[in-house]
Amino acid sequence: MLAAILFCGVGFVGCGNNDDTKQQSKEENKQVVDKKVDAAACDAAVADYLVNVIDKNYAEGELCIPSPFVVSADYGNPEDVKVWGDFWVFNYDLLGDTLKTVSGGNHPGLMHLKKTANGYEVTAFDQVEDGSRYLESAKRIFGDQYGSFQEISGNAEKREDVRRHFVADYVEKHNIAATMIQDYGWPAVELPK
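Here is a short report on the structure shown in this document. Keep in mind the model is a prediction, meaning the values are calculated, not measured. (Residues numbered from 1 in each chain as written. Predicted model: local features only at pLDDT ≥ 70, side-chain atom pairs only at ≥ 80, totals over all residues. Heavy atoms only, no water.)

Moving on, we get to unusual backbone geometry. Positive phi is not limited to glycine here, since Asn175 has a value of about 50 degrees. Relative to the elements of secondary structure, Asn175 occurs in the loop between helix H5 (156-173) and strand E5 (180-182). (Helix = DSSP H or I, 4+ residues; strand = E, 2+ residues; numbered from the N terminus.)

Next comes the structure, spelled out in structure tokens:
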């Protein structure tokens, strides 16, 4: 009889701990779900920053289309999401079916984002410096990702392909009657379909 009582007591204690563990596990899972980052919303915030902050330094065109070439991202902390990239922004005028480049350029570096009531916003931008400080600042900002950044920044063909795809997506999303893109002094190039 004593053995039966001890067995039941251990059983109840075991069940109670198991329920507590399950409850604790559910709460931990909820915290993990709450902390998940919406990568698409982060991409939108980066594009918004390029259009509304960075683009102010360039001559205006009819359209401003960002082309963020992301090297790496760290979504571990929703209060400080980190996005490393070679961030490009271009302004275009539409002539016939061709988007003619007016201005634009690249801004490599690290964008810090945080979650807000409306999605995400860029809170800081650690930009690679120009001139003699370029290499030092790029290595510091990109750290372990510097090799990947070099591959991207040094591959003009791939970079232009990514740019054309961003432009094609923008054209489709906004119902713009453009089928070509043309930089000054270069022949027009067809946009991907």
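Once you've had a look at it, read on.
With respect to the element layout, His107 can be found in strand E3 (residues 98-116). Residue class for His107 comes out buried when judged on its relative accessible area of 10%. Separated by 2.7 Å, the side chains of His107 and Tyr58 make a polar contact. Dropping the residues within four chain positions of it, His107 is found in contact with Ile54, Tyr58, Gly85, Phe87, Phe125 and Gln127. (Buried < 20%, exposed > 50% of the residue type's maximum accessible area, 1.4 Å probe, protein only. Polar contact = N/O pair within 3.5 Å; in protein donor to acceptor, adjacent residues only side chain to side chain. Contact = heavy atoms within 4.5 Å.)

Relative to the elements of secondary structure, Val171 occurs in helix H5. The exposure class assigned to Val171 is buried, which follows from its relative accessible area of 7%. Remark: the alpha-carbon pair of Val171 and Leu191, spanning 20 residues in sequence, is separated by 9.4 Å. Excluding its chain neighbours within four sequence positions, the residues that come into contact with Val171 are Leu99, Ile176, Ala178 and Leu191.

Here the focus is the pattern of salt bridges. Under the definition given, this model contains seven salt bridges. Put simply, Arg140 and Glu129 hold a salt bridge, and the shortest N to O gap is 3.6 Å. Here Glu129 lies in the loop between strand E4 (119-127) and helix H3 (134-142) and Arg140 lies in helix H3, a separation of 11 residues in the sequence. Accessibility expressed as a relative area gives 26% for Glu129, which makes it partly exposed. Here Lys193 ties to Glu190 by a salt bridge, and the two come within 3.1 Å at their closest N and O atoms. (Salt bridge = Lys/Arg side-chain N within 4 Å of Asp/Glu carboxyl O.)

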